[in-house]
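# Structural overview for review
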Amino acid sequence: ECGADTYLIEPIEADELLATVNALLRLYDRERENLRLVAQLRDADRQKDEFLAALAHELRNPLGVVSNAFDILPETQTPEPVSQELREIIGRQISLMTRLVDDLLDVSRISRGQIGLAREPCDFAAIARQTVDDHRAILESNGLELKLDVPGHPVWVVGDSTRLAQSISNLLQNTAKFTSPGDTVTVKLVDVPGEHCAVLSVRDTGIGMESDFLARIFEPFRQFDPGVGRRQGGLGIGLSLVKGLIELHGGEVHARSEGLGHGSEITIRLPTHEFTETPDLSSKPSKTDADPFAPYRILVIDDNSLAGRTLQIFLADKGHEVELAVTGPQGLEKARQRSPQVVLCDIGLPGLDGYSVARQLRQEQGSNKMFLIAVSGYGQEEDQQRAKTAGFDAYLVKPISLKDLEKLLAEFNGR
C-alpha cells in the first residue's frame with residue numbers, strides 16, 4: 001500500500017534475495033524501455049497532428065484561389081446544358097475539397113485540444129431537420145430514400161449549432177458511401193425527458209459492418225474495405241470528427257450493425273436542458289442586407305499574389321478602388337499613401353505579420369479611420385481573439401467566402 005514493489009519475509013535466503021533483485025532489475029529495464037517507446041509514439045503522434053494542421057492550412061490557400069476564381073467567372077451569356085453541367089460539377093468538387101480540408105484541420109485540432117465551441121441554447125430538432133433538408137437532394141439523386149422522424153416541439157441543448165449540424169452532416173455523408181440505389185436512410189430524433197437527453201440515430205440499409213471493425217470505427221483514418229468493386233471516398237476522418245465534437249458537448253456516439261449486408265446505425269446522445277423561459281433565438285444579430293457596394297478604397301495585403309488578385313478582380317468589378325500589397329511593410333506604406341477605408345490583411349505575412357500591421361495602422365490612423373478585416377487559415381476562438389486585440393474589426397477564415405465578404409462590407413456600409 002505504501003508503494004513497495006515486492007515483499008520479503010525474514011529470515012531472507014540469499015538465493016531468494018538475488019532472484020528477487022534480478023527480477024526487479026529486469027522489470028525496471030522493461031518499464032524504462034516501454035516508457036521510451038511510449039515517448040516516441042507520443043512524439044510521432046504530435047508530429048502527425050502538426051503535419052495535418054500544416055497540410056490543411058497550406059491546402060486552404062490554393063483552394064481559396066480556385067474557389068473565388070470560380071465564383072467570379074461570369075455565367076455564359078447563352079448557357080448550354082453541357083456548360084451548366086460542367087459548372088455544377090466543378091462547384092460540387094470545390095465544396096467537397098473545402099469540406100475535406102476543414103474536417104482534416106478539425107480532427108487535428110480536437111486531438112490537440114485546440115477546438116472551441118460557441119455554446120448557446122440550440123433547438124436540436126430544428127438543426128436535424130435543416131441538415132437533413134440540406135442533404136436530401138444529394139442523397140435522393142443517388143437513388144436513396146431519405147426518411148426523417150423528429151419531434152414537432154423544440155429539443156433544447158446547449159452547444160454550438162454549427163458543430164452539431166456538421167456532425168449530422170458527416171453522418172449523412174458517411175451513409176452515402178456504404179449504401180446503394182434503392183437503400184433507405186432514416187434519421188430519427190427521440191427526446192427522452194425522464195433521462196434529460198436527446199438521442200439522434202442515422203440508420204441505413206446498406207452494406208453493414210462486422211463486429212471487429214465496429215470496435216475501431218471511430219479511430220482517425222480508419223478505412224472500411226468491404227471488398228473489390230465498391231467505390232469508397234473520403235479520408236476516414238468523418239466519424240472520428242463526429243465523436244470528438246459530440247464528446248466536447250458532453251455527449252456520446254455509438255455504432256451498431258448486425259453484420260455485413262444488414263445495414264448500420266450511428267447514434268448520438270446529447271444532454272438536454274429545460275429553460276424557465278424559451279430562449280429567444282431571434283434576438284441574435286442578423287446579417288444585414290444593406291447595399292455593400294458603396295465605392296470604397298480597399299487595400300488587400302496578402303503574400304499569395306493569386307489570392308490577392310482574385311479579390312482585386314471581384315471587388316473592382318463591384319466598383320471599389322483596390323490596391324494590392326504582398327508584405328507587411330509594403331502594406332503599411334500603401335496604407336499611408338492611399339488611406340484606404342477597408343483593409344483585408346492576411347495574418348501570415350513576410351516582413352511584418354498581420355497583427356503587427358493592424359496595431360501600427362490603429363496607432364497611426366486612429367481607431368475609427370479604417371475597417372480592418374483579418375484573413376487567416378486558422379479560425380480558432382483564440383486566433384480570432386488575438387486578432388481582435390490587435391485591432392481587427394472582423395475575421396475571415398480561408399478559403400474566403402465572397403458572400404461573407406460582401407456581408408461584411410454591407411455591415412460596414414450600415415455603420
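Note that the structure is predicted; figures quoted are calculated from it, not measured.

## Thoughts on the overall build of the protein
Helix and strand counts for the protein come out as 11 helices and 12 strands. Looking at the protein as a whole, 40% of its 415 residues qualify as buried. Long-range pairs, those at least 24 residues apart, make up 70% of the contacts in the protein between residues at least 6 apart in sequence. As presented, the protein carries roughly 23,200 Å² of accessible surface, and 52% of it is formed by carbon and sulfur atoms.

## Concerning the side chain of Asp-346
For Asp-346, the location among the structural elements is in strand 10 (residues 342–346). Every residue in contact with Asp-346, bar those within four places of it in the chain, is listed here: Ile-301, Asp-302, Asp-303, Gly-354, Val-375, Ser-376 and Lys-398.

## As for the nonpolar core
For soluble globular proteins, the rule of thumb is that nonpolar side chains tend to be buried together. Grouped together as the largest cluster of nonpolar side chains are 34 residues, with contacts concentrated most on Phe-124, Leu-172, Leu-189, Leu-200 and Ile-268. Only helix 3 (124–141), helix 4 (161–177), strand 4 (184–192), strand 5 (197–204), helix 5 (211–214), helix 6 (238–248) and strand 7 (264–271) provide two or more residues apiece to this core. At 6 residues, the largest contribution of residues to this core is made by helix 3.

## Focus: the side chain of Ser-376
Relative to the helices and strands, Ser-376 is located in strand 11 (residues 371–376). Judged by relative accessible area, which is 5%, Ser-376 ranks as buried. Only 3.5 Å separates the side chain of Ser-376 from the side chain of Tyr-395, close enough to count as a polar contact. Those residues in contact with Ser-376 that sit more than four places away from it in its chain are Asp-346, Ile-347, Tyr-395, Leu-396, Val-397 and Lys-398.

## Things to note about the pattern of salt bridges
As enumerated under the stated definition, the model contains 14 salt bridges in all. Of the charged contacts, one joins Glu-333 and Arg-336 as a salt bridge, the two residues approaching to 3.8 Å between their closest N and O atoms. Of this pair, Glu-333 and Arg-336 both sit in helix 8 (residues 328–338), 3 residues apart, which is roughly one turn of the helix. On the accessibility criterion, Glu-333 (37% relative accessible area) is partly exposed. Looking at Arg-336, the relative accessible area reads 39%, which means it is partly exposed. Where Arg-362 meets Asp-393, a salt bridge forms, and the shortest distance between an N and an O atom there is 2.5 Å. Pair noted here: Arg-362 is in helix 9 (residues 354–365) and Asp-393 is in the loop between helix 10 (381–390) and strand 12 (394–397), with a separation of 31 residues, a long-range link. Bridged by salt links that share partners, the residues Arg-203, Arg-256, Glu-258 and Glu-265 form one connected network.

## Considering empty space enclosed by the protein
Applying the stated criterion across every chain yields a total of 3 cavities of 30 Å³ or more. For the second largest cavity, the calculated volume is near 90 Å³. Forming the walls of the second largest cavity are Arg-60, Asn-61, Gly-64, Val-65, Asn-68, Asp-302, Ala-307, Leu-311, Val-375, Lys-398, Pro-399 and Ile-400. The element contributing the most residues to the lining of the second largest cavity is helix 1 (residues 14–72), with 5 residues.

## Quick word on helix 8
Every buried residue of helix 8 is accounted for by Gly-328, Gly-331, Leu-332 and Ala-335. Within helix 8, the buried residues cover an arc of 100 degrees as seen down the axis, which keeps them to one side. Tucked into the core, helix 8 has its buried residues touching strand 8 (297–301), strand 9 (321–325) and helix 9. Residue Thr-327 occupies the N-cap position of helix 8, its side-chain oxygen lying 3.1 Å from the main-chain nitrogen of Gln-330. Ser-339, located one to two residues past helix 8, shows a positive phi value of around 50 degrees.

## Digging into the layout of surface pockets
Roughly 210 Å³ of volume is contained in the second largest pocket. Taken together, 13 residues make up the lining of the second largest pocket; nearest its centre are Ile-110, Ser-111, Phe-218, Pro-220 and Ser-240. Among the elements that line the lining of the second largest pocket, the one with the most residues is helix 6, at 4 residues. Looking at side-chain class alone, the lining of the second largest pocket contains 5 nonpolar, 3 polar and 5 charged residues.

## A look at the confidence of the model for the protein
The predicted model of the protein averages 82 in pLDDT, with 87% of residues at 70 or higher. Below a pLDDT of 50 lies the segment residues 283–292, which in the model reaches 12 contacts outside its immediate sequence neighbourhood of four places, other chains included.

## Section: unusual backbone geometry
Cis geometry marks the peptide bond from Glu-10 to Pro-11, where omega comes out at -5 degrees. Here Pro-11 is to be found in the segment before helix 1. A positive phi angle is found at His-196, which is not glycine, with a value near 50 degrees. With a phi angle near 50 degrees, Ser-339 is a residue other than glycine that sits in the positive phi range. With respect to the helices and strands, Ser-339 occurs in the loop between helix 8 and strand 10.

## Structural notes on a nonpolar patch on the surface
On the surface, a nonpolar cluster with roughly 320 Å² of combined accessible area is contributed by Ile-12, Leu-17, Val-21 and Leu-25. Tracing the backbone through its elements, the reader meets Ile-12 in the segment before helix 1.

## A closer look at the sheet that holds strand 7
With mixed pairing, 5 strands are arranged side by side in an open sheet as 2-4-5-7-6. Each edge of the sheet is formed by a strand with only one pairing partner; in this case those strands are strand 2 (145–149) and strand 6 (252–256). Neighbour-to-neighbour, the strand axes of this sheet turn through a mean angle of 15 degrees, independent of strand direction. Bridge count for strand 2 against strand 4 is 5 bridges, and the pairing is parallel. The partner of Glu-145 across the bridge, within strand 4, is Thr-184.

The rules behind these values
- Residues numbered from 1 in each chain as written.
- Predicted model: local features only at pLDDT ≥ 70, side-chain atom pairs only at ≥ 80, totals over all residues.
- Heavy atoms only, no water.
- Helix = DSSP H or I, 4+ residues; strand = E, 2+ residues; numbered from the N terminus.
- Buried < 20%, exposed > 50% of the residue type's maximum accessible area, 1.4 Å probe, protein only.
- Contact = heavy atoms within 4.5 Å.
- Areas by Shrake-Rupley, 256 points an atom, 1.4 Å probe, with all protein chains shown as cover.
- Core = buried A, V, L, I, M, F, W, Y, C linked by side-chain atoms within 4.5 Å.
- Polar contact = N/O pair within 3.5 Å; in protein donor to acceptor, adjacent residues only side chain to side chain.
- Salt bridge = Lys/Arg side-chain N within 4 Å of Asp/Glu carboxyl O.
- 1 Å grid on protein atoms, 1.4 Å probe; cavity = no way out; pocket = protein on both sides within 12 Å on 5 of 7 lines; lining within 4 Å.
- Points joined across faces, edges and corners; volume = space filled by probe spheres on them.
- Arc of directions from axis to C-beta.
- Nonpolar A, V, L, I, M, F, W, Y, C, P; charged D, E, K, R; others polar.
- pLDDT = per-residue confidence, 0-100.
- Patch = residues over 30% accessible without salt bridge, like charges linked within 9 Å, V, L, I, M, F, W, Y side chains within 5 Å.
- Pairing = 2+ DSSP bridges.
- Axes fitted to C-alpha atoms, helices over the stretch in contact; angles between N-to-C directions.

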